[in-house]
Amino acid sequence: MVGVGVFGRNHARVYKELEQQGEPVRLVGVIDPDLERADAVAREFGCRGFGSVEQMLTTHSEVRAASVAAPTLHHFEVARALMNAGIDVLIEKPLAATVDEARELVKLAATQKRIAQVGHLERFNPAVRATIPLLTQPMFFEVHRLSVFTPRSLDVDVVLDLMIHDLDIVLSFVNSPVKEVRAVGLPILSGKVDIANVRLEFESGCVANFTASRVSTERVRKLRFFQPHQYISVDYGRQEVLVFSVGADGAAPGAPTVNPQIKVARPPVTSEEPLHAELKSFLHAARERSAPVVPLEDGRLALALALEIVGEIREHGKKVGLAGLAKAKA
């Protein structure tokens, strides 16, 4: 476990819980350059604390898999060191700081024959998993991810911090190249973009609108989309899916609504902490030497799109005279 800040500690917690639940895994140690923090987390979860990957490898050559939850700027060097040492990796999102680094990680995983997964957590949300069998031809998405302000992850724009989750989900649902990107955003409480609105058009004709904010007064995690004869609403937080279907003469499945041609159904969703599902999936792929559910290439695609959006926001800011605002906040 490399990096035990807020989210890295959660990885350590879940690995320990999986070990206690009988999964064939043992939490050997946690790594953080802040040795005091590493030792505190190590004591909490009954393992050892280390200050570097090299220090851990000199005493624990048996390590076979690791999570990388260090700051994004360090993902490349840390993941490279681990893969070169023969260790499979789960790398938190965003995959890397640049597309070139992401591309290099994809190549390295292939040449070193490492199982390498990117931590796009919402892929393992039970509501998302329940939605995948319902997909036919999505044509319009409306996505909201709003959070209250915290001093965490302010080294990146809200697009790379929050919106990238939804970009990854929509890319996987639509399965079509992006044709056009339009985006606006503003720094509010930090020197980076804190609120953003994005419109994507895909080659398939699908359109997707995204709003992400880390300065909201409420917490919202919802994805809604239309496809022929259906409107589907996914609530990430509640882990719920609602399906509104249109069909003449009762052909649509589900319970009737006020309009007799529209029926609503609630597909069964088995509740589970997404991080539990994600780490179990990663460990299974590592043991079986099978392809991970979210390969590094998916992480590269999401990162490339997120960085393109950040660029569009910057260009829009220049056009309307907002270029100096971010500097003033920094």
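Above this text is the structure in question.
The present account deals with the structure reproduced in this document. Everything quoted here is computed from the prediction, not taken from an experiment.

Focus: the sheet that holds strand 3 (residues 65-68)
What the three strands build is an open sheet, ordered 3-4-5; its pairing is parallel. Only two strands of the sheet have a single neighbouring strand rather than two, namely strand 3 and strand 5 (116-119). Strand after strand, the sheet turns through a mean of 15° between neighbouring axes, direction not considered. Against the sheet, helix 4 (residues 75-84) contacts strand 3, strand 4 (88-92) and strand 5, and its axis sits at roughly 170° relative to strand 4.

Comments concerning the packing of aromatic side chains
According to the stated counting rule, one finds six aromatic pairs in the structure shown. On the numbers, 4.8 Å between centres and 35° between planes, the contact of Phe226 with Tyr231 is tilted. Judged by relative accessible area, Tyr231 falls into the partly exposed class, the value being 23%. Within the aromatic cluster, the residues linked to one another by ring pairs are Phe140, Phe226, Tyr231 and Phe244. Over the aromatic face of Tyr236 sits the side chain of Arg145, whose NZ or CZ is 4.7 Å from the ring centroid.

Here we look at the pairing of strand 3
Pairing analysis gives four bridges linking strand 3 to strand 4, with the strands arranged parallel. Bridging across to strand 4, Ala65 finds its partner in Asp88. In this fold, strand 3 hands off to helix 4, which returns the chain to strand 4; that crossover is right-handed.

Things to note about unusual backbone geometry
With an omega of -15°, the peptide bond between Lys93 and Pro94 qualifies as cis. Examined against the element boundaries, Pro94 turns out to sit in the loop between strand 4 and helix 5 (99-111). Unlike most non-glycine residues, Lys113 shows phi in positive territory, near 55°. Among the secondary structure elements, Lys113 is positioned in the loop between helix 5 and strand 5. Residue Lys113 is classed as exposed on the basis of its relative accessible area of 65%.

Overview of the packing of helix 7 (residues 158-174) against helix 9 (residues 296-319)
The interhelical angle for the contact between helix 7 and helix 9, taken along N-to-C directions, is 125°, at an axis separation of 9 Å. With respect to helix 9, the axis of helix 7 lies oblique. Between helix 7 and helix 9 lies a crossing of right-handed hand. Seen from helix 7, the contacting residues are Val159, Leu160, Ile164, Leu167, Asp168 and Leu171; seen from helix 9, they are Asp298, Leu301, Ala302, Leu303, Leu305, Ala306, Leu307, Ile309, Val310 and Ile313.

Concerning the packing of helix 1 (residues 6-20) against helix 2 (residues 35-45)
Across the interface, helix 1 lies against helix 2 with an axial gap of 10 Å and an inter-helix angle of 20°. It follows from the interaxial angle that helix 1 and helix 2 lie roughly parallel. Considering only the axes of helix 1 and helix 2, their crossing is right-handed. Of the residues in helix 2, those touching helix 1 at Arg9, Ala12, Arg13 and Lys16 are Val41, Glu44 and Phe45. A per-class count over the contact of helix 1 with helix 2 returns three nonpolar, no polar and four charged.

Here's the deal with the environment of Gln112
Within the secondary structure, Gln112 sits in the loop between helix 5 and strand 5. Classification of Gln112 as partly exposed rests on a relative accessible area of 31%. Here the alpha-carbon distance between Gln112 and Ala70, two residues 42 residues apart in the chain, equals 22 Å. Not counting chain neighbours up to four residues away, the residues in contact with Gln112 comprise Met83 and Asn84. A polar side-chain atom of Gln112 sits 2.7 Å from a polar atom in the side chain of Asn84.

Here's the deal with the side chain of His11
Topologically, His11 is positioned in helix 1. Given the relative accessible area of 0%, His11 is considered buried. Leave out the neighbours within four places in its chain, and His11 touches Met1, Ser67, Leu90, Glu92, Leu275, Glu278 and Leu279.

Concerning the environment of Arg114
As for its placement among the helices and strands, Arg114 is situated in the loop between helix 5 and strand 5. Through-space distance from the C-alpha of Arg114 to that of Val215 is 39 Å; in sequence the pair is 101 residues apart. Beyond its immediate chain neighbours, meaning those up to four positions away, Arg114 contacts Met83, Gly86, Ile87, Asp88, Ala109 and Arg289.

Digging into helix 8 (residues 274-288)
Compared with an ideal rise of 1.5 Å per residue, which puts 15 residues at 21 Å, helix 8 spans 21 Å between its outermost C-alpha atoms and is within 8% of the ideal. For helix 8, a buried count of 11 out of 15 residues is recorded, marking the element as mostly surrounded by other parts of the structure. Contacts made by the buried residues of helix 8 are with helix 1, strand 3, strand 4, strand 5 and helix 6 (126-131). One or two positions beyond helix 8, positive phi appears at Arg289, with a value near 55°.

Rules behind the numbers
- Residues numbered from 1 in each chain as written.
- Predicted model: local features only at pLDDT ≥ 70, side-chain atom pairs only at ≥ 80, totals over all residues.
- Heavy atoms only, no water.
- Pairing = 2+ DSSP bridges.
- Helix = DSSP H or I, 4+ residues; strand = E, 2+ residues; numbered from the N terminus.
- Axes fitted to C-alpha atoms, helices over the stretch in contact; angles between N-to-C directions.
- Contact = heavy atoms within 4.5 Å.
- Phe/Tyr/Trp six-rings, centres within 6.5 Å; stacked < 30°, edge-to-face > 60°.
- Buried < 20%, exposed > 50% of the residue type's maximum accessible area, 1.4 Å probe, protein only.
- Lys NZ or Arg CZ within 6 Å of the ring centre and 35° of its normal.
- Right-handed = clockwise from strand over helix to strand, strands pointing away.
- Parallel < 35°, antiparallel > 145°, perpendicular 65-115°, else oblique.
- Left-handed = near helix turned anticlockwise from the far one by under 90°.
- Nonpolar A, V, L, I, M, F, W, Y, C, P; charged D, E, K, R; others polar.
- Polar contact = N/O pair within 3.5 Å; in protein donor to acceptor, adjacent residues only side chain to side chain.
- Expected span 1.5 Å × (residues − 1).

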